[in-house]
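Each chain, written out:
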Amino acid sequence: MKEFSIIGKDVPRTDAIVKARGAAAYTDDMKLPGMLHGRILRSPLPHALIKNIDTSKAASLPGVKCVVTAEDTPKIKYGNWRLFPETQDEYPLAIDKVRFIGDEVAAVAAIDKDIAEEALELIDVEYEELPAVFDVDIAMKSEAPVLHDYCPTNISVNRKIKYGDVEKGFAESDYVREDTFTVHGVSHAYLEPCSALAQVDLDGRITIWTSTQVPYIVQCLLASTLGMRENDIRVIKPFVGGGFGGKMELRTWEFCAALMAKRTGRPVKFTLSREEEFLAGRRRHPMKLHSKIGFKKDGTIVAKDLKIQLDGGAYNAMGPTATFLCGNFGAMLYRYPNYRFHGQHIYTNKPPASAMRGFGAPQSLYATEIQMNIAAEDLGIDPIDIRLKNAQVSGDKIPDVATISSCGFVESIQRVAEMSGWKEKRNSLKLGQGIGIGCYSFISGGVFNWFNTQYPFSAAEVRVFSDGTAHLLTMAADIGQGSDTVLKQILAEELGLTMEDIRMTSADTAMTPQGDLGSWGSRVTLMAGNAVVNAAKKIKEELFGAVSAHHNLNVIHEIECKNGRVQAKTRPDYGLSFGEAVALVQKANRGEPLVARGSYTPRGKGLVTPAFGFGAQVAEVEVDKETGLVKVKEMWTAHDCGTVINPRSVEGQLAGSIQMGLGYALSEQFVMDGGKTLNANFADYKMPTAMDMPLSHVTHVDTYENEGPMGAKECGEGLASPTAPAISDAVYHATGYRCKDLPITPEKILEHVEKTEDVGLESRKTLHCDLEPEPYKIG
Amino acid sequence: MRLPKFEYFTPKTLNEALALLKEQGEGAYIMAGGTDIVVKMLHGRLRPKSVIALQEIDGINKISFSPQEGLTIGATARIVNILSHPDILQYYPALTDAVKVMANIEVRNMGTVVGNLCNAAPSADTAPPLITMGSVVVLTSLEGERRLSLDEFFKGPGITAMNQGEIMTSVFVPLPQPRSGGSYKRISARCGVDIAPASAGTMAVFRDEICSDVKLVLGAVAPIPLRAYRTENLLRGKQWTHELIQDAGYEAAEESMPISDCRASAEWRKKMVAVLTRRTLVEAYERSKKN
Ligand SMILES: Cc1cc2nc3c(=O)[nH]c(=O)nc-3n(C[C@H](O)[C@H](O)[C@H](O)COP(=O)(O)OP(=O)(O)OC[C@H]3O[C@@H](n4cnc5c(N)ncnc54)[C@H](O)[C@@H]3O)c2cc1C
């Protein structure tokens, strides 16, 4: 471990106090003079032609200031894959056709929300209903309804990967098995529903405050869909209450707020309701995964053939990336000498799925991990041992992806087995109690540039002042994950300053340096962190020169920034305060402020990611065999995120991941009927609460990633994957029910228990009551 | 969403409230804690003409208990106060079981037991235990007071035997019989806030090892909290055995009439009825030993 003064220390989050006090202002908290409130009219049908829209009654309702439909827009398609325009399949407002219940058809802006809501009811839309398709297997058939004319097969993306010789690999295997897994869609359920507020400047330019993970992407796509220039749009990200991938595209309300602000000259705000979020919001991709895998008798993997169908819903959204990444995740974590992948992204008449924490990994790794356990059992090898045998290690090369640099996977598996008492529990737990394992590997940011930016992937500007302070500017978007804190820590460490010495401006596209691709793909700490280090290094060079000259130091001296001073490392008395050093540099430059820009774009790191996070997790559960209800009692995690910059932030990511994983495994799902969501509220969409959280223990495996800032990698998304397979494996251990069809519901468990015990309601045989309650005591 | 326009009244006396209720007529709604009615209004499922709030009326928020007479819960007594009431825990533990699992802290701080009954959800948690305890509700109107067994109060989802112009001023719970025990349990897929897909409340009286009397009420598996008469008949007068409890579970499952909805399938609900029936019977029996 390297020695740091602020990195790795228990530094409080910069936003903790304002958030705890309720003082942090989110977009919906903002009010501007004359502001109008917008609402969106959504399609009540899953698939229909729009024959006519009559907005006249709505427009004449007193208080309504603006009503727009697609006819009022420049009709320009958008989508994050600018590099491949054929994937851009969405308009801000539906043109001629709606493709899912909730598709955006029109928007109203009025002097208050109630009037806007009322006006929606006055818009007459004439639809001609079309046959709809909700299932990927049916959507791929030749006679299936076609959603997009450009795509008659409904398969919008085909992605193939191949290396080695899979068929030969299977032929050489001692044991080959095939399994099909299905995984379901879940909601990001961020606590802050989407919200955007747009205002037009005197010169017609637009400023928009929006709850987004990607200010730069919103800036560019808003400009192109409005037919404006990028610099005409200023995106400001206020506090954001979570995103998890659900806020990483330009969205209709952002477009409508800007368009309607332009048309009315008044600020316009849209805030979605929770019902809208559940009914029409983005979600994690439901998938069907078919995996064939071959092993040697000793448990060594020889070959894997993975086919995945992603249920994309009505539009591509971030589906192409998920399709692309699924193939990579399928080949990560373990060594696969022969590998083949075919991913298909398929349109159905459902709300579009998109990026969600893990971006394909939770689905892909669910299949990987469960299949690994099945194979381990068949081969008579402990699940821990079969993983150790195949675990990727530092220096492994994933063809066409990367050579793995730092890798603490083996140690993660070993540590988690020790921490959880795996060996003992796996052999001694009673029926109804179980312990299971799940592992992950994840990318630390992406190398792919489908957004086709000409800017660096991350950038930072550092300004330093003679009062001993610094100002850090970056477009990186803190959406609650804590990047503002972490980036400040990195700068403070580099410049030898305290957190209090640093002012920060982030995520304002007109003020902070271009560019930043946003908060997703576990990329911010590594990429924006590197940009900060890069800028700080340039500042330090200037300061070091000034101090050397000032003290007439021998050239052999190494200079450092430490404790608010700039000084010779071995002779700290030869130095100046940070502020004095800054003043000297300024004096030498006719008073010019000392400012430096830094940036980071991964180079020479393959095509997928510059670095990989790893980890292993064990879950212990108790299953009530009469009700099928699962209680997750305790979880153990050992993971490798490189250098831990802020321990509590990392633990926070872990806690949040476990909470999401619990929901994914056990309780969350969209209950849908013909494209309609039946449980569009938190009472019936069963997101786990704080009271459902198990005890959790964590070990950070000590590694240092040379490509990362101060050795750091990622922990935001990788940790989203292991929880569901760990719980699933534990449920299997407890009950014998192997779930290949998420979520694990009490009904599925009971069905299994009844089948295996031959007990049915009708048969009236005595139930085995070896669990709660104890055999009924009489007397 | 738009909160529909309505008149809001905060009468200071019961008579004032009753007069208002009559004067406003059709479309006037009583509000206790508001945790059901306001939610419905916000979702546009209820558009009252006027809302008459009870919270400023003196004297109807009391919980009174005496070991001679029993328990009376006033119309505006909050769920949280039931939860923390030592006599209720001692004499009516099944009611404590019910309020303990209801909603969350915020809702328990606002919501009332009487509101829970008047709302008449098939899943209302306080209904099964209160019915099994033989509770009687007091319905007051300008014409006077009438008493009705809670058992006869529920008529359908959201529908009760209350007439227009009546306010439920209290619910009376008689003293438990000697050697009786009560229990209430529900299924929850999630801790904290959850609406139960199935629940059961039991009150059983024992003579030696014979179940001399029993009441069983099933929640969320019928349009109203359902008295399981057939199961009660099966149990009444029988020797208390493991097989009897098993059979009671099956009988209750058959007697229940659940639907499939987004919370659970009818089939699973029936299975849960069997499990909950057995578990409440076991607990009721255990508790009866203390009385
Ligand atoms: C988040 C959340 C979770 C919940 N969880 C549960 C749960 O787990 N279990 C459960 O059973 N319920 C639950 N509820 C529902 C609700 O909280 C309870 O039913 C509560 O007891 C209602 O009481 P209240 O005083 O708030 O009723 P109110 O909303 O004030 O009234 C409910 C209805 O009864 C009528 N009414 C009230 N008082 C009287 C009276 N004295 N005379 C005549 N009519 C009257 C009203 O007109 C209205 O129709 C939950 C609600 C929320 C919002």
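Predicted model only: the values in this text are computed from it and were never measured.

1. Details of the overall build of chain A
Helix and strand content of chain A: 19 helices and 30 strands. Against the 2.2 N^0.38 benchmark of 28 Å for 779 residues, chain A shows a C-alpha radius of gyration of 28 Å, consistent with a compact globule. Considering only C-alpha atoms, chain A reaches an extent of 90 × 75 × 65 Å along its principal axes. Each of the 779 residues in chain A was classed as buried or not, and the buried ones make up 64%. Look at the contacts in chain A between residues 6 or more apart in sequence, and 80% of them connect residues 24 or more apart. Looking at chain A as shown, the accessible area adds up to about 28100 Å², and 51% of this sits on carbon and sulfur atoms. Computed over 85 positive and 100 negative side-chain charges, the inter-centroid distance for chain A is 3 Å.

2. Details of the pattern of salt bridges
A full pass over the atoms with the stated rule returns 65 salt bridges over all chains. A salt bridge links R205(A) to D203(A); its shortest N-O distance comes to 2.7 Å. Using a relative accessible area of 31% as the deciding quantity, one classes R205(A) as partly exposed. For D213(B), the salt bridge identified is with R236(B), shortest N-O distance 2.9 Å. Here D213(B) is found in strand β13 (residues 210–219), whereas its partner R236(B) is found in the loop between α9 (229–235) and β15 (238–239), with 23 residues between them in sequence.

3. Some words on the nonpolar core
Within the largest apolar cluster, 155 residues are counted, with the highest numbers of intra-cluster contacts made by L226(A), M260(A), F270(A), F295(A), F409(A), I727(A) and I744(A). Leave out the neighbours within four places in its chain, and F270(A) touches G38(A), R39(A), I40(A), A107(A), V108(A), C194(A), S195(A), A196(A), W253(A), C256(A), A257(A) and M260(A). Of all hydrophobic cores here, the second largest spans 48 residues; its members include A17(B), L20(B), F65(B) and I131(B).

4. Observations concerning the domain arrangement of chain B
Residues and elements named next belong to chain B. What the domain assignment reports for chain B is domain 1 (7–53), domain 2 (63–174) and domain 3 (180–288). For domain 1 versus domain 2, the separation of C-alpha centres amounts to 19 Å. Counting residues at the interface gives 15 residues for domain 1 and 17 residues for domain 2. Between domain 1 and domain 2, the buried area comes to about 1200 Å², and carbon and sulfur atoms account for 66% of it. Applying the counting rule to domain 1 against domain 2 returns zero salt bridges. Linking domain 1 with domain 2 are three residue pairs in polar contact (both at pLDDT 80 or more). In terms of residue class, the side of domain 1 that touches domain 2 is built from seven nonpolar, four polar and four charged.

5. Focus on empty space enclosed by the protein
All names here are of chain A. Tallying each qualifying case throughout the model produces seven cavities of 30 Å³ or more. The volume enclosed by the second largest cavity comes to roughly 80 Å³. Along its surface, the second largest cavity is lined by 13 residues, and Y78, G79, N80, T87 and A317 are the ones closest to its centre. Here the lining of the second largest cavity is built from residues that sort into four nonpolar, five polar and four charged.

6. Notes on a nonpolar patch on the surface
A cluster of nonpolar residues, L3(B), V38(B) and L42(B), forms a patch on the protein surface that exposes about 200 Å² of accessible area. Looking at the secondary structure, you find L3(B) in the segment before β1 (7–9).

7. Some words on the site of the ligand
All names here are of chain B. Neighbouring the ligand are 31 residues, the closest being I30, G33, T35, D36 and D125. Interatomic distance of 2.7 Å between a backbone N/O atom of A32 and an oxygen atom of the ligand. In this structure, D36 approaches the ligand through a side-chain N or O atom, which is 2.5 Å from an oxygen atom. Put simply, the parts of the chain that give the shell around the ligand at least two residues each are β2 (28–31), α7 (113–119) and β10 (167–173). Each residue belonging to the shell around the ligand can be placed in one class, and the counts come to 18 nonpolar, nine polar and four charged.

8. Some remarks on helix α10 (residues 361–379) of chain A
All names here are of chain A. Between its first and last C-alpha atoms α10 spans 26 Å; for 19 residues at 1.5 Å apiece the expected length is 27 Å, and the two agree. Where burial is concerned, most of α10 is hidden: 17 out of the 19 residues are buried. Just downstream of α10 lies G380, where phi reads positive at about 70°.

9. Here's the deal with the pairing of strand β7 (residues 144–149) of chain B
Taken residue by residue, a regular strand's side chains alternate between the two faces of the sheet. All names here are of chain B. Relative to β7, strand β6 (residues 136–141) runs antiparallel, the two being bridged by six bridges. Looking at the pairing, T140 lines up with E145 of β7. The turn joining β6 and β7, which pair antiparallel and follow one another in sequence, is formed by two residues.

10. Some points on the domain arrangement of chain A
Residues and elements named next belong to chain A. Domain annotation of chain A identifies domain 1 (16–22 + 457–600), domain 2 (31–130 + 191–242 + 247–280) and domain 3 (355–447 + 608–767). Of note, the centres of domain 2 and domain 3, computed from C-alpha atoms alone, are 38 Å apart. In total, domain 2 and domain 3 occlude about 820 Å² of area from one another, counting both sides; carbon and sulfur atoms represent 75% of this. Contact with domain 3 buries surface across domain 2, with I101, F278 and L279 losing the most and accounting together for 63% of the total. Inspection of the domain 2/domain 3 interface yields zero salt bridges. Linking domain 2 to domain 3 there are zero residue pairs in polar contact (both at pLDDT 80 or more). Across the side of domain 2 that touches domain 3, the residue classes tally to five nonpolar, no polar and two charged.

11. Some points on unusual backbone geometry
Residues and elements named next belong to chain A. Here Q514 and G515 are connected by a cis peptide whose omega angle stands at -5°. Turning to its location among the elements, G515 is positioned in the loop between β21 (502–506) and α15 (524–550). The omega torsion of the bond from L742 to P743 falls at -5°, within 30 degrees of zero and hence cis. In this structure, P743 sits in the loop between α18 (723–735) and α19 (746–757). Notably, N452 is not glycine yet its phi reads approximately 60°, a positive angle.

12. A word on the confidence of the model for chain A
Summary statistics for chain A give a mean pLDDT of 95 and a share of 97% for residues scoring 70 or more. The low-confidence segment residues 759–779 of chain A, where pLDDT is below 50, has 51 contacts with residues more than four positions distant or belonging to other chains.

13. A word on the confidence of the model for chain B
For chain B, the mean per-residue pLDDT works out to 95, and 99% of the residues sit at or above 70. Reported confidences for the modelled complex are a pTM of 0.95 and an ipTM of 0.93.

14. Describing the packing of α15(A) against helix α16 (residues 578–588) of chain A
All names here are of chain A. In the contact formed by α15 and α16, the axes pass within 9 Å of each other and the chain directions differ by 90°. The angle between α15 and α16 falls in the class roughly perpendicular. In contact with E542, L543, A546, V547 and H550 of α15, α16 contributes F578, A581, V582, L584 and V585. Here the contact of α15 with α16 is built from residues that sort into eight nonpolar, one polar and one charged.

15. Description of the side chain of T323(A)
All names here are of chain A. Residue placement: T323 occurs in helix α9 (residues 319–329). On the basis of relative accessibility, which here comes to 0%, the residue T323 falls in the buried class. The contacts of T323, once residues within four sequence positions are left out, are V157, R159, L310, F341, G343, Q344 and H345.

16. Considerations on the environment of G134(B)
All names here are of chain B. Examined against the element boundaries, G134 turns out to sit in the loop between α8 (127–132) and β6. Among the residues examined, G134 registers a relative accessible area of 24% and is labelled partly exposed. Residues G134 and L175 lie 41 residues apart in sequence; the distance between their C-alpha atoms is 9.2 Å. Setting aside residues no more than four positions away along its own chain, G134 makes contact with P174 and K215.

What counts and how
Residues numbered from 1 in each chain as written. Chains lettered and ligands numbered in written order. Predicted model: local features only at pLDDT ≥ 70, side-chain atom pairs only at ≥ 80, totals over all residues. Heavy atoms only, no water. Helix = DSSP H or I, 4+ residues; strand = E, 2+ residues; numbered from the N terminus. Rg over C-alpha atoms; globule rule 2.2 N^0.38 Å. Buried < 20%, exposed > 50% of the residue type's maximum accessible area, 1.4 Å probe, protein only. Contact = heavy atoms within 4.5 Å. Areas by Shrake-Rupley, 256 points an atom, 1.4 Å probe, with all protein chains shown as cover. Lys, Arg positive; Asp, Glu negative; His and termini not counted. Charge placed at Lys NZ, Arg CZ, Asp CG, Glu CD. Salt bridge = Lys/Arg side-chain N within 4 Å of Asp/Glu carboxyl O. Core = buried A, V, L, I, M, F, W, Y, C linked by side-chain atoms within 4.5 Å. Domains from an automatic or database assignment. Buried area = accessible area lost by both parts, 1.4 Å probe. Polar contact = N/O pair within 3.5 Å; in protein donor to acceptor, adjacent residues only side chain to side chain. Nonpolar A, V, L, I, M, F, W, Y, C, P; charged D, E, K, R; others polar. 1 Å grid on protein atoms, 1.4 Å probe; cavity = no way out; pocket = protein on both sides within 12 Å on 5 of 7 lines; lining within 4 Å. Points joined across faces, edges and corners; volume = space filled by probe spheres on them. Patch = residues over 30% accessible without salt bridge, like charges linked within 9 Å, V, L, I, M, F, W, Y side chains within 5 Å. Near = heavy atom within 4 Å. Expected span 1.5 Å × (residues − 1). Pairing = 2+ DSSP bridges. pLDDT = per-residue confidence, 0-100. Axes fitted to C-alpha atoms, helices over the stretch in contact; angles between N-to-C directions. Parallel < 35°, antiparallel > 145°, perpendicular 65-115°, else oblique.

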